[in-house]
Amino acid sequence: MAAHTKKNLTSITVQLSVGLLLIYSFSFAQDTLKTKNKLLTLQELKGHTQTFYYSQGHGDRAKSIAIFMDDAGTFFKNEVGFTPKIKLYVLAPQNWKEFSAKPLQEVYGFPHNVDNERLVIAAEDNDFWRSLLPPEDQLPNPIAAEITKAYGKPDGSKSLMPFFDLLALHEMGHSYAGQAGLKTHFYWMSELFVNIMLHTYVAEKQPELLPALEAFPNMTIGKGTEAYNYTTLKDFETLYTTLGMGPQNYGWYQSRFHSAAKEIYNSGGKVVLIKLWKALQKHQVKMTDEEFISMLEREVHPSISNVYLEWDKTK
């Protein structure tokens, strides 16, 4: 090949590389600018261990949640030796679509972890939460009393806000798992794990919040499964990534995971969480269902393997 041809090819290659770099840099700059512009619509809460943003007018709620998350972070730092970095958004309806994940942009109030760093929760009571609370006269008296105690307001109405505020820690649990490199192996374990984290913290450090954490799952499970098309863990694995079971059916699954987390904590205490953390950190190679359940029973606690073994027997 002639020298001038080689020189021309080298020049073209350099020009293409520079062009691609400029395009990437421009794209990155545009995305950064969009993010900054979106954040201008929010307020930042200073003075906490994580980054908190909130919609205008909701500073008190954001501060309350931030204090809760600060204390939980200290607890888990002592127990598992790790703290993730997160950005938590406490959002009013007008800001929801800007920061929520696409599949959930139309479901205001559905808390979620966007990408292992950004967490989104609602700042206001909403139709989704209200849709989960049936009329009181449709509930058995003991459950109705439990719901009133946990979620009753001075004006006689009820709100699930005390329950959903606790789910900020549930969502941060996904950031713990993701950023620490834990391998949960199955979607059901991913959700059970963060519920074990949540229940363990509340039971250990803020037991006065247990009624708010437990009343809604108790009610949801107590209603039975007739209203739901999907109830097996196999269904959950298949539909999880698209929320294909629907928000309310998903809420039933989460209630089962909450209830299981309570039983696990009551069976073995906080040491079960610590053993589970170490096991999920250690076992990175893909496992079959049977191998995974056997490992949980040997290395963690039978109460966790029983969630899988007994799931379809208890509804």
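Residues numbered from 1 in each chain as written. Predicted model: local features only at pLDDT ≥ 70, side-chain atom pairs only at ≥ 80, totals over all residues. Heavy atoms only, no water.

Caption draft 1: Expanded view of the layout of surface pockets. Approximately 750 Å³ is the volume found for the largest pocket. Around the largest pocket sit 36 residues that line it, and His112, Glu171, Glu191, Tyr240 and Tyr250 are the ones nearest its centre. Counting residues per element, the ones that place at least two in the lining of the largest pocket are strand E4 (112-113), helix H6 (161-180), helix H7 (187-205) and helix H10 (247-268). Counting residues per element, the lining of the largest pocket draws most heavily on H6, at 8 residues. Partitioned by chemical class, the residues of the lining of the largest pocket number 19 nonpolar, 14 polar and 3 charged. (1 Å grid on protein atoms, 1.4 Å probe; cavity = no way out; pocket = protein on both sides within 12 Å on 5 of 7 lines; lining within 4 Å. Points joined across faces, edges and corners; volume = space filled by probe spheres on them. Helix = DSSP H or I, 4+ residues; strand = E, 2+ residues; numbered from the N terminus. Nonpolar A, V, L, I, M, F, W, Y, C, P; charged D, E, K, R; others polar.)

Caption draft 2: Highlighting the pairing of strand E2 (residues 51-55). Across the 5 residues of E2, 4 count as buried, placing the element largely inside the fold. Taken together, the 4 bridges between strand E1 (residues 42-45) and E2 define a ladder with antiparallel strand orientation. Looking at the pairing, leucine 42 lines up with serine 55 of E2. Between the end of E1 and the start of E2, which pair antiparallel, lie 5 residues, with glycine 47 showing a positive phi angle near 85 degrees. Bridge analysis of E2 against strand E3 (residues 87-91) gives 4 bridges, and the strand direction is parallel. Residue tyrosine 53 lies in a different strand from E3, and its bridge partner there is tyrosine 89. Of the crossover connections in this fold, the one passing from E2 over helix H2 (residues 59-80) to the parallel E3 is left-handed. (Buried < 20%, exposed > 50% of the residue type's maximum accessible area, 1.4 Å probe, protein only. Pairing = 2+ DSSP bridges. Right-handed = clockwise from strand over helix to strand, strands pointing away.)

Caption draft 3: Examining the environment of threonine 225 more closely. Relative to the assigned elements, threonine 225 resides in the loop between helix H8 (210-222) and helix H9 (233-239). Through-space distance from the C-alpha of threonine 225 to that of asparagine 249 is 9.2 Å; in sequence the pair is 24 residues apart.

Caption draft 4: Spotlight on unusual backbone geometry. The phi angle at asparagine 116 is positive, at roughly 70 degrees, despite the residue not being glycine. Structurally, the position occupied by asparagine 116 is in the loop between E4 and strand E5 (118-122).

Caption draft 5: Quick peek at the packing of H7 against helix H13 (residues 302-310). In the contact formed by H7 and H13, the axes pass within 12 Å of each other and the chain directions differ by 135 degrees. Considering the angle they form, H7 stands oblique to H13. Classified by chirality, the crossing of H13 by H7 is right-handed. Residues Trp188, Met189, Leu192 and Ile196 of H7 form the contact with H13, whose participating residues are Ile304, Val307 and Tyr308. (Axes fitted to C-alpha atoms, helices over the stretch in contact; angles between N-to-C directions. Parallel < 35°, antiparallel > 145°, perpendicular 65-115°, else oblique. Left-handed = near helix turned anticlockwise from the far one by under 90°. Contact = heavy atoms within 4.5 Å.)

Caption draft 6: Layout of the pattern of salt bridges. Scanning the entire structure with this criterion turns up 13 salt bridges. The closest approach of N and O atoms between aspartate 127 and arginine 130, which form a salt bridge, is 2.9 Å. Of this pair, aspartate 127 and arginine 130 both sit in helix H4 (residues 127-131), 3 residues apart, roughly one helical turn. On the accessibility criterion, aspartate 127 (59% relative accessible area) is exposed. Arginine 130 gets classed as partly exposed once you look at its relative accessible area, which sits at 44%. With its nearest N and O atoms 2.8 Å apart, the salt bridge here joins glutamate 136 to lysine 158. Note that glutamate 136 is positioned in the loop between H4 and helix H5 (141-151) and lysine 158 in the loop between H5 and H6, a separation of 22 residues in sequence. The exposure class of glutamate 136 is partly exposed, given its relative accessible area of 43%. Assessed through its relative accessible area of 25%, lysine 158 is described here as partly exposed. Put simply, Asp125, Asp127 and Arg130 are held in one network by salt bridges that share partners. (Salt bridge = Lys/Arg side-chain N within 4 Å of Asp/Glu carboxyl O.)

Caption draft 7: How the structure looks around the sheet that holds E2. Taken in spatial order, the 5 strands of this open sheet run E1-E2-E3-E5-E4, and their pairing is mixed. Because the sheet does not close on itself, it has two edges, and the strands there are E1 and E4. The strands touched by H2 within the sheet are E1, E2, E3 and E5, with E2 carrying the most contacts at an inclination of about 155 degrees. On top of the sheet, H6 reaches E3, E4 and E5; it is set at about 165 degrees to E5, its chief contact.

Caption draft 8: Representation of the confidence of the model for the protein chain within the structure. Residue-level pLDDT values for the protein chain average 90, and 87% of them are 70 or greater. When the criterion is pLDDT under 50, residues 16-33 qualifies, and its contacts beyond four places in sequence or with other chains add up to 0 contacts. (pLDDT = per-residue confidence, 0-100.)

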